[in-house]
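Listed below are the residues making up each chain.
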Amino acid sequence: MGEVADMYTQDGTVDRKGNPAVKKDTGNWRACPYILANECCERLAYYGMSTNLVHYMKTRLGQVNSVASNNVTNWSGTCYITPLIGAFFADAYLGRFWTIASFMIIYIFGLALLTMASSVKGLVPTGCGDDDVCHPTDAQAAVVFVALYLIALGTGGIKPCVSSFGADQFDENDEREKKSKSSFFNWFYLSINIGALVASTVLVYVQTHVGWGWGFGIPAVVMAIAVVSFFVGTPLYRHQKPGGSPLTRIAQVLVASARKWNVAVPADKLRLHETLDKESGIEGSRKLEHTDQLACLDRAAVVTAEDSAAAGSATASPWRLCTVTQVEELKSVIRLLPIWASGIVFAAVYSQMSTMFILQGDTLDQRMGSKFKIPSATMSMVDTISVIVWVPVYDRVIVPIVRSYTGRPRGFTQLQRMGIGLVVSIFSMVAAGVLDIVRLRAVARHGLYDKDDHVPISIFWQIPQYFIIGCAEVFTFVGQLEFFYDQAPDAMRSMCSALSLTTVALGNYLSTVLVTIVTHITTRNGNIGWIPDNLNRGHLDYFFWLLAVLSLLNFLVYLVIASWYKYKKTADDNPDAKGEH
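Residues numbered from 1 in each chain as written. Predicted model: local features only at pLDDT ≥ 70, side-chain atom pairs only at ≥ 80, totals over all residues. Heavy atoms only, no water.

## Observations concerning the packing of aromatic side chains
A complete count under the given rule lists 29 aromatic pairs for this structure. Here Tyr56 and Trp212 contribute two aromatic rings whose centre-to-centre distance is 4.9 Å and whose plane-to-plane angle is 75 degrees, an arrangement assigned as edge-to-face. In this pair, Tyr56 is assigned in helix H3 (residues 53-59) and Trp212 in helix H9 (residues 212-232), connecting sequence segments 156 residues apart. With a relative accessible area of 2%, Tyr56 lands in the buried category. On the accessibility criterion, Trp212 (10% relative accessible area) is buried. A connected cluster of aromatic rings, assembled from ring pairs, spans Trp29, Phe170, Phe184, Phe185, Phe188 and Tyr485. Taking NZ or CZ as reference, Arg43 lies 4.2 Å from the ring centre of Tyr46, over its face. The ring of Trp261 carries Arg299 above its face, with NZ or CZ at 4.9 Å from the centroid. (Phe/Tyr/Trp six-rings, centres within 6.5 Å; stacked < 30°, edge-to-face > 60°. Helix = DSSP H or I, 4+ residues; strand = E, 2+ residues; numbered from the N terminus. Buried < 20%, exposed > 50% of the residue type's maximum accessible area, 1.4 Å probe, protein only. Lys NZ or Arg CZ within 6 Å of the ring centre and 35° of its normal.)

Below, the structure written as structure tokens:
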């Protein structure tokens, strides 16, 4: 029996034919190059559009700073809300493999339409003035936004599934593979940033100096390469079976507990309802141990006399009697919500790289040498370089050192890792605020109050703020990826991965709200405001200070939340999780 157990995975994964996955032929690191290459190409395509999109909005769609900034953050936010749609289909019906494959097609359609909108006569805006700002018709603008939101829908089926699908290639019940899974998330994020690095350098240069048609056409071709890479690895993949609608199971627990509101929960929790089999009643999910938090939901698993009578003739209705595992699924999700909420302010800080950092860079000296000018959007490559540097440093240097002190396989707990990133992000806003104070002093000193005046400060002084955000990402965003996958119920991992991504969406929306409120308040009584079209007359530094204060307050709240959180435990008992309380 032991040899058979060693031959097959023990976490419920199957091969492409639906048979138990054979360890030596499927999954592990052998399947990951195709998944990582797919993610690298997809992210290159995504960042190839988003990195310089605020400039496209300003020049080709003729929008002012605040409108262009809000349109970019709204679109970017939507890209991180749609994963809830893709994740639902993955967990409930299609599985992660077919969800990724299906939504890739929508993604490519969107990219093709955006390329056409930037290169086909009749769709390209006309009436561009000497300042290179165009005045598109409503129809031309509509085509651009339809293309962008098709891409947002397409990415919704890819974002929440690729990281989870990659993690599925490692058997949690095998200690060696389990250790590799933790490293996978680091290298997964590295592949994202390699794609982003190419986008922020090569593609931004092409968009600026060659044209938007080529600038958007190349991402479309790269996305086609991503599709090929993904399908090449098909024979090697392990698959987690979809477990049915997670929303239905959540609703059943809520309804069952409400119907038994006056029923007392037994002191002996072993009397709560659970299947007698080794596996839970949910497809592809292991049993979860009972926890004491959120005890009001335990009523859904209390067996009443009416339930016993119903079970005598047939299985009791799941809308009246739920298993402990089903109840614990909902508890796990509820416990994740405060941690999830604490990532929203961090995501708002992160979103400044595609908006305010670029607008700040537009006012600085972009020259490198006598002839070459660096597009301000290209400075985001510093963030990606920072991530590329910090991922191997974290995985190969920091983790072993911290592990030697804490004794934990991961070094830091996942909550500690995310908390460190929240602290680091504050210093990015401080760096951006200090630079803007220096910039405004130079403006006053040289009288550079015209819109087109460039301040005699090199754009390279933006490097610290980008580099610090990259460091914060490695701690917080990678920590989130691992935390939400690890702490999610087996049959809800895509949904919980999507939940973690929505922090980026809400962070973008929060940024939009803050810009709108700040603009409304600071432009009263004829004042020019903090973020005018001419930043040389504004106070962008005040906006960065506002974000720094919000980040500090957010971290203090996070400390309270993290001290309350209890890690999930399966019936197999997870020693690593127990060691991280």
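## A word on the pattern of salt bridges
Enumeration over the complete set of coordinates arrives at 13 salt bridges. The shortest N-O distance in the salt bridge between Lys331 and Glu328 comes to 3.2 Å. On the criterion of helical spacing, the pair formed by Lys331 and Glu328 is a turn pair, its members being 3 residues apart in helix H12 (residues 324-341). Classification of Glu328 as buried rests on a relative accessible area of 2%. Note that Asp395 is salt-bridged to Arg396, the shortest N-O span being 3.6 Å. Overall, the relative accessible area of 10% leaves Asp395 in the buried class. (Salt bridge = Lys/Arg side-chain N within 4 Å of Asp/Glu carboxyl O.)

## Quick word on the side chain of Thr363
Relative to the elements of secondary structure, Thr363 occurs in the loop between helix H14 (356-362) and strand S1 (364-365). Residue classification places Thr363 among the buried residues on the basis of a relative accessible area of 9%.

## Focus: the pairing of strand S4 (residues 455-458)
A one-sided burial pattern is seen for S4, the buried positions being Val455 and Ile457 and the unburied ones Pro456 and Ser458. Bridging between S1 and S4 involves 2 bridges; their strand directions are parallel. For Leu364, the partnering residue across the bridge sits in S4 and is Val455. (Pairing = 2+ DSSP bridges.)

## Concerning the nonpolar core
The nonpolar side chains of a soluble globular protein tend to be buried, and buried together. Within the largest apolar cluster, 142 residues are counted, with the highest numbers of intra-cluster contacts made by Met49, Trp75, Tyr107, Phe483 and Phe543. Residue contributions to this core peak at 12 residues, all from helix H17 (residues 463-487). Setting aside anything within four residues of it in sequence, one finds Trp75 in contact with Tyr46, Met49, Ser50, Leu53, Leu148, Tyr149, Ile151 and Ala152. Phe88, Ala92, Met495 and Ala498 belong to the second-largest nonpolar core, a separate cluster that totals 5 residues. (Core = buried A, V, L, I, M, F, W, Y, C linked by side-chain atoms within 4.5 Å. Contact = heavy atoms within 4.5 Å.)

## Concerning a nonpolar patch on the surface
A cluster of nonpolar side chains, Ile385, Val389, Val393, Val397, Ile401, Tyr405, Ile463 and Phe467, forms an exposed patch at the surface whose accessible area comes to about 690 Å². Of all the secondary structure elements, the ones that give two or more residues to the nonpolar patch are helix H15 (380-406) and H17. In terms of residue count, the dominant contributor to the nonpolar patch is H15 (6 residues). Relative to the assigned elements, Ile463 resides in helix H17. Assessed through its relative accessible area of 32%, Ile463 is described here as partly exposed. (Patch = residues over 30% accessible without salt bridge, like charges linked within 9 Å, V, L, I, M, F, W, Y side chains within 5 Å. Areas by Shrake-Rupley, 256 points an atom, 1.4 Å probe, with all protein chains shown as cover.)

Any functional reading would require information beyond the geometric quantities listed.
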